Amino acid sequence: MKKLLQKDEFDALLSTSSGVQFLGPVRLKGRGRFSDTDLIKYGQIKSFTDIVWDSKTYLSAKELILPITETLLDFTGTTVVQPPVEDAILVLFLRACDIHAIERLDAIFLNNGPSPDPYYKQKRDRFKLVLMECAVPFDSCFCVAMGTNTVSNFGAAVRCIEDGILIDIRDEWFTSQIAGSGTDTEFELQFPQQNGADVHVPHIKEMQEQLFTHEMWDEYSKRCIACGRCNTSCPTCSCFSVHDISYGHDSNSKIARRQRVWDGCHLDGFTDMAGGAAFRIECGSRMRFKTFHKIYDYRKRYGVNMCVGCGRCDDVCPEYISFANCINKVNDLVNESRSTPDE
Ligand code: SF4
Ligand code: SF4
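Anyway, here's the lowdown on the structure attached to this text. All values reported here derive from a predicted model rather than from experimental measurement.

A short note on the pairing of strand S9 (residues 164–169)
Counting buried residues in S9 gives six out of six residues, a clear majority hidden from the surface. Two strands pair when backbone bridges link them, and strand S1 (residues 2–6) and S9 are joined in this way by five bridges, in the antiparallel orientation. Counterpart to Lys 2 in the pairing with S9 is Asp 168. Pairing of strand S8 (residues 156–160) with S9 involves five bridges; the strand directions are antiparallel. Within S9, the residue paired with Val 158 across the bridge is Ile 167. Counted along the chain from S8 to the antiparallel partner S9, the turn is three residues long.

Put into structure tokens, the structure is as follows:
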């Protein structure tokens, strides 16, 4: 079913859907990197005009399903209290690459062990995904190279037009929500076929061991400052640390909170172990680890690249380190080794 909703019809739908929260890219005035710049991030949508269609979010929708800081348990002396379970349905507006990113997280948190992560699952089960059509990608995107430019796993898809929104409805829940609203229409969703960033991903069978120790990683040891922005902005980076925080007045207090907090492979301390051991001290080895995790290890296990080509890491790096370029450099080395006969 395809519908045209005028802006006021869309707004009426948002306000009359009880037990449903609408979330998407919104603009926070003056909250950007400088006091006179805005921050585009995921937040609640209360009207058509709240949705930002023409800018990429700094952080992805990951923070809604895997919060930056998430309480796992509270200890209150003799009992353990779990955080309250919420039940509102969360309708999430996001682009094709970011829908793929949620699938990447699903693989890790739902299908990577004997049982799903209950905190992730509780939120994931409440999500309804709405694709925001993205016919013209942003400059740093490389979704086509990553195969994430098209997608079919969504409940509805929307295109912003001058008068309102065109909606392509694919599942029963959205059909029932929108029944009686708007007018029937026809349109075909468009997906990007080309990106500004030209990226070539090598085949995993050709990524040989020599790449792990290649001097190309030394450049990143000189340039990367281990700020971790590339990890936090990435929609598929899923690492976290677990902390217990005591709320008592003395060290014997039994009142504490256990929480998990985003962590990242570029950050100092990420590999610290008991006894003072640590791995990947050099930033170049962290870059190598991330690169292989995104385009080798994950693909070996799940058959797809972990990186979805959203380009956020390239957008936010204060040292202008490009992950897209890094993938191309690895590809160039693979091509070189193919054309160099064995000695
Ligand atoms: S482009 Fe960068 S931020 Fe986006 S998914 Fe790939 S590694 Fe993560
Ligand atoms: S954003 Fe850039 S400088 Fe910061 S950790 Fe990532 S690669 Fe290094």
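Read on, since the account is not over.
Brief notes about the pattern of salt bridges
Enumeration according to the criterion identifies 22 salt bridges in this entry. Across the pair Lys 2 and Glu 186 runs a salt bridge, and its minimum N-O distance is 3.9 Å. In this pair, Lys 2 is assigned in strand S1 and Glu 186 in the loop between strand S10 (183–184) and helix H7 (218–223), connecting sequence segments 184 residues apart. Since its relative accessible area comes to 18%, Lys 2 is described here as buried. Where Asp 117 meets Arg 260, a salt bridge forms, and the shortest distance between an N and an O atom there is 2.8 Å. Of the two residues, Asp 117 sits in the loop between helix H3 (96–110) and helix H4 (118–124) while Arg 260 sits in strand S12 (residues 255–262), which places them 143 residues apart along the sequence. The burial state of Asp 117 is the same as that of Arg 260; both residues are buried.

Reading guide: rules and limits
- Residues numbered from 1 in each chain as written.
- Chains lettered and ligands numbered in written order.
- Predicted model: local features only at pLDDT ≥ 70, side-chain atom pairs only at ≥ 80, totals over all residues.
- Heavy atoms only, no water.
- Buried < 20%, exposed > 50% of the residue type's maximum accessible area, 1.4 Å probe, protein only.
- Helix = DSSP H or I, 4+ residues; strand = E, 2+ residues; numbered from the N terminus.
- Pairing = 2+ DSSP bridges.
- Salt bridge = Lys/Arg side-chain N within 4 Å of Asp/Glu carboxyl O.

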